[in-house]
Amino acid sequence: MLGPIHRRNAPPPLRRAAAAVAALALVPLATAATTAVVLVTGAQAASATTVPAPPSGWSTVYSDSFSGAAGSAVDSGWTYDTGTQYNGTGCTANWGTGEVESNTSSTANVSEDGGGHLNITPVDSGGAWTSGRIETTADNYQAPAGGELEVSASIKQPNPSSGVGYWPAFWMLGAGFRASGAGTSGSMDCSNWPATGEIDVMEDVNGLSEHSGTFHCGTDPGGPCNETTGLGSGLQACSGCQTGYNTYSVIINRTNTSDESITWYLNGTAYETVTESQVGTATWQAAVDHGFFLILDVAMGGAYPNAICGCSSPASATSSGAAMSVGYVAVYQTTGSGTTPPPPTCPTTATSNISADCYSGSKGTISVSAATGDTSPSGVDGNQAAQLVNGDYLEYPNINFGSGSTQFDARVASGAAGGVSGLVEVVLDNPSNAPVGSFAVGNTGGWTTWKTIPANIADTTGTHTVYLEFASGATGSPPFASLHYFNFPAT
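Undergrad: How would you summarise the pairing of strand E18 (residues 246–253) if you had to cite specific residues and measurements?
TA: Of all 8 residues making up E18, 8 are buried, and the element is well covered by its neighbours. Taking every second residue as pointing to the same face, both faces of E18 are buried, with Asn246, Tyr248, Val250 and Ile252 on one and Thr247, Ser249, Ile251 and Asn253 on the other. Sheet topology note: the strand E10 (residues 148–156)/E18 ladder contains 8 bridges and is antiparallel. If you follow Ser154 over to E18, its bridge partner there is Thr247. Sheet analysis places E18 next to strand E19 (residues 261–266), joined by 6 bridges and oriented antiparallel. When the sheet's bridge partners are listed, Ile251 is paired in E19 with Thr263.

Undergrad: Could you give me a rundown of the nonpolar core, with the residues and numbers involved?
TA: Ranked by size, the top nonpolar core spans 50 residues in total, and within it Phe170, Phe215, Leu296 and Val329 carry the most contacts. Of the residues forming this core, the biggest block, 5 residues, is contributed by strand E21 (residues 292–300). Filtering out sequence-adjacent residues up to four positions away, Phe170 remains in contact with Val151, Ser152, Ala153, Ile155, Asp200, Val201, Met202, Tyr248, Leu294, Ile295, Leu296 and Val329. Counting residues in each nonpolar core, the second largest holds 32 residues, with Ala350, Cys358, Phe401 and Leu483 among its members.

Undergrad: Account for the sheet that holds strand E12 (residues 178–180), with residues named and values stated.
TA: What the 3 strands build is an open sheet, ordered E3-E13-E12; its pairing is mixed. The open sheet has two free edges, formed respectively by strand E3 (88–89) and E12, since each of these has just one partner strand.

Undergrad: So, the side chain of Asp81: which residues are in play, and what are the values?
TA: Relative to the helices and strands, Asp81 is located in the loop between strand E2 (78–80) and E3. Under the relative-accessibility criterion, Asp81 is labelled buried at 0%. Engagement of the side chain of Asp81 in a polar contact is seen with the backbone nitrogen of Thr184, the distance being 3.2 Å.

Undergrad: Which residues make up the pattern of salt bridges, and what values go with them?
TA: Taken as a whole, this structure holds 6 salt bridges when the rule is applied. Between Arg178 and Asp139 there is a salt bridge; the shortest N-O distance is 3.5 Å. Of this pair, Arg178 sits in strand E12 while Asp139 is found in the loop between strand E9 (133–136) and E10, placing the two residues 39 residues apart along the sequence. The exposure class assigned to Asp139 is partly exposed, which follows from its relative accessible area of 25%. Shared partners join several salt bridges into a network, and the residues in it are Glu135, Asp139 and Arg178.

Undergrad: Could you give an account of helix H3 (residues 281–288), naming the residues involved and the relevant values?
TA: With respect to burial, H3 is a largely interior element, 6 of its 8 residues being buried. Within H3 the residues assigned to the buried category are Ala282, Thr283, Trp284, Gln285, Ala287 and Val288.

Undergrad: An account of the packing of aromatic side chains is needed here, citing residue identities and associated values.
TA: Summed over all chains, the structure comprises 16 aromatic pairs. The structure contains a cluster of three or more aromatic residues connected by ring pairs, namely Tyr396, Phe401, Phe408, Phe439, Phe486 and Phe488. Stacked on the ring of Trp95, the Lys or Arg Arg133 has its end atom at 4.1 Å from the ring centre.

Undergrad: Describe in detail the sheet that holds strand E4 (residues 102–103), supporting the description with residues and values.
TA: The strands making up a sheet associate through hydrogen bonds between their backbones, and the pairing can be parallel or antiparallel. Pairing is mixed across the open sheet formed by 3 strands, whose spatial order is E4-E8-E7. Of all the strands in the sheet, just E4 and strand E7 (123–125) have a single pairing partner and so form its edges. Note: E7 against strand E8 (residues 128–131), 3 bridges, orientation antiparallel. Directly across from Asp124, in E8, lies its bridge partner Trp129.

Undergrad: Explain the state of the cysteines residue by residue, including any values.
TA: By the definition in use, this model includes 5 disulfides. Residue Cys91 pairs covalently with Cys190 via a disulfide, S to S 2.0 Å. Disulfide Cys91-Cys190: torsion about the S-S bond near 85°, hence right-handed. Here the residue Cys91 occupies a position in the loop between E3 and E4, and Cys190 occupies one in the loop between strand E13 (187–189) and strand E14 (198–203), the gap between them amounting to 99 residues. Neither residue differs from the other here; Cys91 and Cys190 are each classed as buried. Between the sulfur of Cys346 and that of Cys358 lies a disulfide, 2.2 Å long from S to S. As the torsion about the S-S bond is roughly -95°, the Cys346-Cys358 disulfide counts as left-handed. On the criterion of sequence distance, the pair formed by Cys346 in the loop between strand E22 (324–334) and strand E23 (354–355) and Cys358 in the loop between E23 and strand E24 (361–363) is long-range, its members being 12 residues apart. The exposure class of Cys346 is partly exposed, given its relative accessible area of 38%. Looking at Cys358, the relative accessible area reads 12%, which means it is buried. What links to what in the chain: the bonded cysteines, counted in sequence order, pair as 1-2, 3-4, 5-6, 7-8, 9-10.

Rules and cut-offs
Residues numbered from 1 in each chain as written. Predicted model: local features only at pLDDT ≥ 70, side-chain atom pairs only at ≥ 80, totals over all residues. Heavy atoms only, no water. Buried < 20%, exposed > 50% of the residue type's maximum accessible area, 1.4 Å probe, protein only. Helix = DSSP H or I, 4+ residues; strand = E, 2+ residues; numbered from the N terminus. Pairing = 2+ DSSP bridges. Core = buried A, V, L, I, M, F, W, Y, C linked by side-chain atoms within 4.5 Å. Contact = heavy atoms within 4.5 Å. Polar contact = N/O pair within 3.5 Å; in protein donor to acceptor, adjacent residues only side chain to side chain. Salt bridge = Lys/Arg side-chain N within 4 Å of Asp/Glu carboxyl O. Phe/Tyr/Trp six-rings, centres within 6.5 Å; stacked < 30°, edge-to-face > 60°. Lys NZ or Arg CZ within 6 Å of the ring centre and 35° of its normal. Disulfide = S-S within 2.5 Å.

What follows is the structure in structure tokens.
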């Protein structure tokens, strides 16, 4: 066991909660290693700056080999996080971790070197540290149901002569963390951490030439991911990680959507796996089964390095100017397999049973998965819109109510925590209109326990776009309802 929980005194976390300071017993590596045969990036590439081509069955969905001129900024695929915190709900100073640097877009802190590398460099100016933090503007890097997602980077860790306080990282946050825009130029919903998921692909602290991989999920503190520590490898020796480029990767494996996993790799060798069964289906889907954006940064000081050194960092003797150098970042994906939910049959007659996944538009991060535990009536597929939260909606166009309906029936399930409930509202033609009816739903006995709940609605005739809106006042916007199908019986 490696010391105290490093974020114990941190405010609501916005940044990686850092690799688990306590080493956790997870899935045996003999099991994890079975995925390594499809890993796109193998042991150290001949060129740290060349993005490896995808093997058969995989495709490259994003890559950057940082091929700009010396002293140039990153391209428009990235946005700079500047200052010391995000803007938005629940966002706190010092990135929520106690780190002391102020991040800038200056090429003194973030620049390409003309040789195919991105350098992120912390600089000490009389005790005032600056550094760099960038994140992808895209946040749709997602493992498809029935498929896999690999995220990799070739990185040379900082190699300071005195490294106390250094905290380099390559990591991912769930798209639900963003309210609008990207980074500090946008607005974040920081209160969604850690439920919306965080995957730390690589972290080291204090210039130790080590590395760790961590998964964050659920609730803070505690919960199934043991927050704020998370589930992960803890720091492991990483010989040569400060003197050469090494490939750090994760694969999100959804080939079996009932038994998903995340596996971490160093130079193509698996060293840690976390599985869906460890945290529960509801928590896993909320944290994993959606898009992510990627982050590269070098923090200075904060809860993680402080816990490892047993000190307050950085120290006065900490070296300035040791860069994290990145040769490339790449995202690869396979297509879904036979386990991918089939496309739905989507009637537009209000009296018909309409599958939840027939929506044509939505708000929020919507996860479609098998409606485990329920049977499907004629015309309904076996999929659900899973674990919906406050503010989500689903849009169904051209629903024909004919001569009229005054009732709404919905097939729902809920494994919401005690005291958590919400409303399912029927809204017509514009999501900002007042509801024509609604019903309340709380825990039905679990996320696989389905019930048909009726509600009265105002007499509705003709053809409308139907919005099913989900509203809850529960703190932290926890999931409170899953939807399998619905209809509007004739008057």
